[in-house]
Amino acid sequence: MKRLFIWLLLCSLSPLAQAFDLQQLSDQLARPEVIHGQFIQEKHLRALPQPLTSKGRFVLAKNHGLLWLLQTPLQQDYRITAQGIARRDGNAWQMLPNKSAGAEQNRLFLAVLQGDSSGLQRDFELSLSGEPQQWKLTLTPRSVLLKQVFNQINIDGGELVQRIELLETQGDSTVLRMLDATAAQPLSEAEQHDFAE
Amino acid sequence: MILPSERMLPRLFLILLLAVLALAGWQWRNGAPLSANLMELVPGTSPDALELIAEQRMQEPLNREVLVLVGHTDRQQAIALAQTLGEQWQASGLFDKVQWTLQADVPALRTQLLNGRLAMLSAADREQLIEQPQAFIQQRVQALFDPFSGFSLVPNQDDWLGLTGRIQNSQPQRGAIQFDIGSGALVADADGKSWVMLRARAQGNAFDMNLPLQVAELLQRSRDQASQAQGQLLAASGLLYAASGQQQASREITWVGGGATIGILMLLLLAFRRLRVWLAFVPVLVGMLFGAVACVALFGRMHVMTLVLGSSLIGVAVDYPLHYLSKSWSLKPWRSWPALRLTLPGLSLSLATTCIGYLALAWTPFPALTQIAIFSAAGLVGAYLTAVCLLPALLKGADLRPAQWPLRLCECLLQIRQALLARVPTPVLLVLLLSFCAGGLWHLTTKNDIRQWIGTPQHLTDEARDIARITGFQPTSQFFLIRADDQPQLLERQTALNERLDQLIALEKLQGYLSLNQLVSPPADQQKVRQALARLPDFWQPLLDLGVPVAALQGELAQLQALPVTDIDAALAGPLAEPYRTLWLGPTTQGVAAMISLQGLNDAALLRVQAVDLPGVQLVDRLGDLNRVFAATQVSAAELKLASCVLIVLLLIWPFGVSAALRIVALPLLAALCSLASLGWLGQPLTLFSLFGLLLVTAIGVDYAILMREQIGGAAVSLLGTLLAAVTTWLSFGLLALSSTPAVSNFGLAVSLGLAFSFMLAPWVGRQEHPIPAQEDQR
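Quick caveat, the model's predicted, so the values are computed rather than measured. (Residues numbered from 1 in each chain as written. Chains lettered and ligands numbered in written order. Predicted model: local features only at pLDDT ≥ 70, side-chain atom pairs only at ≥ 80, totals over all residues.)

*Asks:* So what exactly am I meant to see when it comes to the pairing of strand β3 (residues 65-72) of chain A here?
*Replies:* The side chains of a regular strand alternate between both faces of the sheet. All names here are of chain A. Bridge count between strand β2 (residues 52-61) and β3: seven bridges; the pairing is antiparallel. Residue pairing in the sheet places K55 in a bridge with T72 of β3. Between β2 and β3, which pair antiparallel and follow one another directly, the connecting turn spans three residues. Sheet analysis places β3 next to strand β4 (residues 76-81), joined by six bridges and oriented antiparallel. From the neighbouring strand, L69 faces β4, where its bridge partner is D77. Count of turn residues in the β3/β4 antiparallel hairpin: three residues. (Pairing = 2+ DSSP bridges. Helix = DSSP H or I, 4+ residues; strand = E, 2+ residues; numbered from the N terminus.)

So, in C-alpha cells, the structure goes:
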C-alpha cells in the first residue's frame, strides 16, 4: 500500500520533471565554455525590397563575452564585454561611448546568446516551448518603453542558439542565424588576446 | 526720596512697552517672521537685474530639489526600493514632483529629431557632412549593418541619411547615469552597488522655516526603511543644508542664550544674595523684544543668524542694571532711585558709546551685520529704558546686602596691580605689551571665505561628494552669462566661447558644459547644412548599392530642404530640450540672453580668462565675488572702526575733557590690538568677523573705561562693577565662541579676548599719576 502510494506520487510528479523549463534551458546554454560559429544577419527594412544581409564569424566565451567579426559586405570587428562595446580600429580596440539605451540593448543581446533567462525575465515575458534539442523561446516586452521599440523577440535553438528574430514596432525586423556553431574548440591565442586587451 | 518725574516714568514706560508688545503681536500674526536664507545676509554684489535673474534661475533647483541615490547590491531591489520611496514621497505632500523614472515620450522625441535634422546636428557631424560627404555616407552604410549601434528612435526609412541617429548620439552625456530600459529608471553602478536616481522637487524652497525640517525628517525615515531592506540612501539638497543650519541655530540659541542666562542669574544671586535681584534680568528680556521688533519692522524678517549673534546681547544688556546695583557695596543703605541718579550720566554715556560701536557695523555693506547692529542697538535702547524707567520702581524698597567677597577680591586685584606697578613701571609694561602685540601680529593670517558662514556637517558634504562621484554630475556655482542683440548673434557668441571651453576640457581643467548651441545651431550653420545636403546625391551611390530606392533618398532630400530654420524657442519645445530650458533667459531690454552651465571645474581663475575679448560674455562667480568683497570690506571695517572711535572721543570730550577722552578710547583700542595679537598667537585667522568683533570691543571697552574713570564709590567698587559687567558679557560672547559656524565662533572669540584685555587695561584710565605715553602709537 505504501509502495503504491509512492508510485502514484512519482507518476503525478513526472510530467513536471520532464517538461523543458527555463532553468534547464539556461543550464544547457551556459554549459559550453566557448562557442565558435558563423552568422548571417538579415535586416528587413520595410522600405527595401530585399534585406540588408551581412555575414561573419562569432566567438562567444562564457567568462569573457562576445567577438562579432563582420566579414561581408564590409569588414568590422566588434567586442561586447561587461565593460561595454568596443570596435576594432586598425589594430587597437576602441571602446564606444556608453550610450545608455544602446548599452542596455547589448546587455540583452548577450543575455539572449548566453541563455541568461534571469536577466531577460526582468524586461520580458518569457514563454518556452519544445524540448532540449528543439526549442523556441518567445520574449514579449513588459515595460512601456520596450514596447515602444520591440513587438517580440523569437529565439530558436537546439543544443545552442540557432536563430534570433527581433520584430520592431516600426515594422522592421532583424534575423540572426548562427551556423555551424561548435563548442569543441577552445579560445585561440589571438582570441584570448582580443578579450584580454 | 523719589522725584515726581520718577513716579511718572514707570507708567509712561509701561505704556511704551505695551505698544511694542502689541506691535510684536501684529508682526507675529502669521507665524514667526524668521528667515534662514543665507543669501539674505551677504552683500548684493551685482546691481545688474539680468544677472540676478540668471543667478536665481541657477540656484532655484539647488534650493528646491532633493537628489537621492537609492543603492542596493541588487539592481532590481534598488529599483523596487526607489519606487516604494518615490511613491511615499509623492504621498507626503511635501513635493510638487517626485521622479524616479524617465518617461520618454517616444513619438514626441521622433518628431523633434526629424524636425531638428538641420538645426540639431553637432558641430563635428556638420563638419563631416560639409567637408567629407564621402566618409559621411560610408559611416551611414556601416551603421546600417552594425548590430550594436543601439536602437534608433527614428526608423531607417524615415531617415536614410541617419541624421537623427547622429543627433541622438551627440547629445551631452548624462554623467555616469544609465537608462534602465526595462523600468525606465536612471541607474549608476559604483562601489558594488546599483544606485537609482530619485529626484524630488519641494513645494517651497530651502528658506521656508518648516519645509527643510520636514524633508530632513522624511529622508531619515526613508533611510531607516532602506537600511532595513539592506539598501542605502545618499542625498544632496540645499534643503538638507538649510535643515541642518536651522537645527544648529536653534541648538546654539538655546546654548548661548540659556547658558548666558543661567550664568548671569547665578552670578547675581551669588553677589547680591537676594532672589529679588533677578528682576535685573527684566531689561534683558525687554531688550530682546525691542531688538526683534525693530529688526522685523526694518527688514520684514529676522534671520536666524541674527538671533544667534543677538543672543549674546544678554550679557551686554544686563550691564545697565549692574551699573547701579554694584553701588550697593558703597551706598549704605542702597536705595534704587538715588543709586540710579548717581549713575545715570555714566549709564547714558555707556549706552551712547556702545550704540555707536554697534551702529558702525550697520554701515558695512553686509546685510547680516546691519541686522545685528539694528537688533543690538534697539535692544540696548530697550534695556536702557527699562533699567532707567522701570527697574528702580520694581526694586523700590529692596534691601541689598551684597556679599563682601567680590569686593575683597577686587581690592586684592588692585593691590596686586599696585605691587606690580611698584616693581615694573607702566612704560615698561606697555613696551612688553606692545612687543607681545607685535609678535602676535607677525603670526596673524587672514582668511575670507563665504564657507565660514555655514557650519556644514561633514556627513552632508561627504554624501554630496559621493553623489557627484557616482553620478558624474559636478555642478559648479560659476556660470557664463551671454548677451546678444538677437538669437543668431547669441548662438554665434556661444560658439566662440565653447571653442575655448573645449580646450579647457581637453586640458582636463573642466569636465563639461551645457550650452544652447549644443541643442540648436545658428541659422547660418543650418543654411550650410542645407547646402551640403544638396550636394549629397554625388556621393550616395553606396546607399543605392544596398538597394535603397533613389526615389526614397530624393524624397528625403526634398523634405530636408523644406525644413524651416529652427529658432531657440522652437528647439526648446521638444522633450530633448529639457536640460536646456533653464539656460534660456529669453528677450531682455537690450536683446536676448542665455547662460552656459559648467560641470567639474578644477580651476576657477581660468574661467575668468575665457571671457576676455568675447563681447557679451560674462562669467558670473558669486562665491568668488563675495570672497573678494569680504577682503575689500576688511579695509573699510578698519576705517569704520577709527571713525567710530573719533565719534566716541568727540562724545566724551564734553564730560571728561580732551586728554581723558583720548585715554578712555585709547585703552579699548589697545585691548583690540592685544586681542588681534592673541588671535595670531593662537593660530586663529583674522576674518572679517573677528574684525567686526573688535569693532564691538572698542565700544564695550569704552564702557568699562568710563566706569573706572568715574570712580563712584572708590576704585575697588568701580573695578567690581567693571568685573561684573565683564563677566556677564564674557559669558555670552564666550559661549558664541563654541558655535560650530566658523564665522560666529570667530566673532565670539575675538570679542571675548578683547573684553578680557579691556578689563585688564581699564584701571589705567583713572590713574592720573600714571599717564600712558605715546597714545597715538597704540592704534
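Moving on from the model shown.
*Asks:* Would you mind showing me how to read unusual backbone geometry here?
*Replies:* With glycine set apart, most residues show a phi of negative sign, and most peptide bonds adopt trans. All names here are of chain A. T72 connects to P73 through a cis peptide bond whose omega is 0°. Positionally, P73 belongs in the loop between β3 and β4. For D180, which is not glycine, the phi torsion reads 50° and is therefore positive. Mapped onto the elements of the fold, D180 is located in strand β11 (residues 173-182).

*Asks:* Help me understand the packing of helix α14 (residues 336-362) of chain B against helix α27 (residues 688-710) of chain B in this model?
*Replies:* Residues and elements named next belong to chain B. Look at α14 against α27: their axes get within 8 Å of each other, and the N-to-C directions meet at 170°. On the basis of the axis angle, α14 is roughly antiparallel to α27. Of the residues in α27, those in contact with G346, L349, S350, T353, T354, I356, G357, Y358, A360 and L361 of α14 are F692, L695, L696, T698, A699, I700, V702, D703, I706, L707 and E710. Along the lines of polarity and charge, the residues of the contact of α14 with α27 split into 13 nonpolar, six polar and two charged. (Axes fitted to C-alpha atoms, helices over the stretch in contact; angles between N-to-C directions. Parallel < 35°, antiparallel > 145°, perpendicular 65-115°, else oblique. Contact = placed C-beta atoms within 7 Å. Nonpolar A, V, L, I, M, F, W, Y, C, P; charged D, E, K, R; others polar.)

*Asks:* Explain the confidence of the model for chain B to me, please; I cannot follow it from the model alone.
*Replies:* Low-pLDDT portions of the prediction should not be read for the details of their coordinates. Residues and elements named next belong to chain B. Summing up the model confidence of chain B, the mean pLDDT is 84 and the portion of residues at 70 or higher is 94%. Note on residues 767-779: pLDDT is under 50 here. Beyond four places in sequence and across chains, it has 16 contacts. Our summary of model confidence lists the complex with pTM equal to 0.72 and ipTM equal to 0.78. (pLDDT = per-residue confidence, 0-100.)

*Asks:* I'm lost on the nonpolar core in this one. Help?
*Replies:* Within soluble globular proteins, side chains that are nonpolar generally end up buried alongside one another. Residue and element names in this part refer to chain B. Residues V70, A82, V196, I664, L667 and F692 are the most contacted members of the largest nonpolar core, which totals 174 residues. If one sorts the elements of this core by residue count, helix α15 (residues 367-394) sits on top with 17 residues. Two domains each provide a minimum of three residues to this core, namely domain 1 (1-31 + 273-402) and domain 2 (403-460 + 624-779). L121, L533, A594 and L598 belong to the second largest nonpolar core, which has 53 residues in total. (Core = buried A, V, L, I, M, F, W, Y, C linked by C-beta atoms within 7 Å. Buried ≥ 20, exposed ≤ 12 C-beta atoms within 10 Å, placed from the backbone. Domains from an automatic or database assignment.)

*Asks:* Can you help me understand the confidence of the model for chain A in this one?
*Replies:* Residues and elements named next belong to chain A. Summing up the model confidence of chain A, the mean pLDDT is 79 and the portion of residues at 70 or higher is 85%. Of all helices and strands in chain A, the one with the weakest mean pLDDT is helix α1 (residues 2-18) (44), whereas strand β1 (residues 34-44) scores best (90). When the criterion is pLDDT under 50, residues 1-17 qualifies, and its contacts beyond four places in sequence or with other chains add up to zero contacts.

*Asks:* Looking at this structure, I do not really get helix α22 (residues 550-562) of chain B. What am I missing?
*Replies:* In an α-helix, one turn spans 3.6 residues; hence positions three or four apart end up facing the same way. Helix length check: α22(B) (13 residues) gives 18 Å between terminal C-alpha atoms against 18 Å at 1.5 Å per residue, within 8%. Within α22(B), only one of the 13 residues are buried, which leaves the element largely exposed. (Expected span 1.5 Å × (residues − 1).)

*Asks:* Sorry, what's going on with the packing of helix α5 (residues 123-131) of chain B against helix α20 (residues 523-534) of chain B here?
*Replies:* Helix-helix packing is characterised by the crossing angle of the two axes and by the distance between the axes. Residues and elements named next belong to chain B. In contact at an axis separation of 9 Å, α5 and α20 are set at 40° when each is read in the N-to-C sense. It follows from the interaxial angle that α5 and α20 lie oblique. Here α5 and α20 pass one another in a crossing that is left-handed. Between α5 and α20, the residues in contact are R126, L129 and I130 and D525, K528, V529 and A532, respectively. (Left-handed = near helix turned anticlockwise from the far one by under 90°.)

*Asks:* Sorry, what's going on with the sheet that holds β1(A) here?
*Replies:* Strand pairs in the sheet, formed through backbone hydrogen bonds, run parallel or antiparallel to each other. Residue and element names in this part refer to chain A. Spatial ordering of the open sheet is given by β6-β5-β4-β3-β2-β1-β11-β10-β9-β8-β7, a layout of eleven strands whose pairing is antiparallel. Both outer strands of the open sheet, β6 (92-95) and β7 (124-131), are each paired with one neighbouring strand and no more. Between one strand axis and the next, the sheet turns by 20° as a mean value, whatever way the strands run. Pairing of β7 with strand β8 (residues 134-141) involves eight bridges; the strand directions are antiparallel. The partner of L126 across the bridge, within β8, is L139.

*Asks:* Explain the domain arrangement of chain B here, please?
*Replies:* One widely used convention gives an interface's size as the accessible area the parts lose upon coming together. Residues and elements named next belong to chain B. Split by domain assignment, chain B resolves into domain 1 (1-31 + 273-402) and domain 2 (403-460 + 624-779). Counting residues at the interface gives 37 residues for domain 1, matched by 41 residues for domain 2. Of all the elements in the fold, those that place two or more residues in the side of domain 1 that touches domain 2 are α11 (304-310), α12 (313-317), α13 (319-325) and α14. Class assignment of the residues belonging to the side of domain 1 that touches domain 2 gives a composition of 21 nonpolar, 13 polar and three charged.

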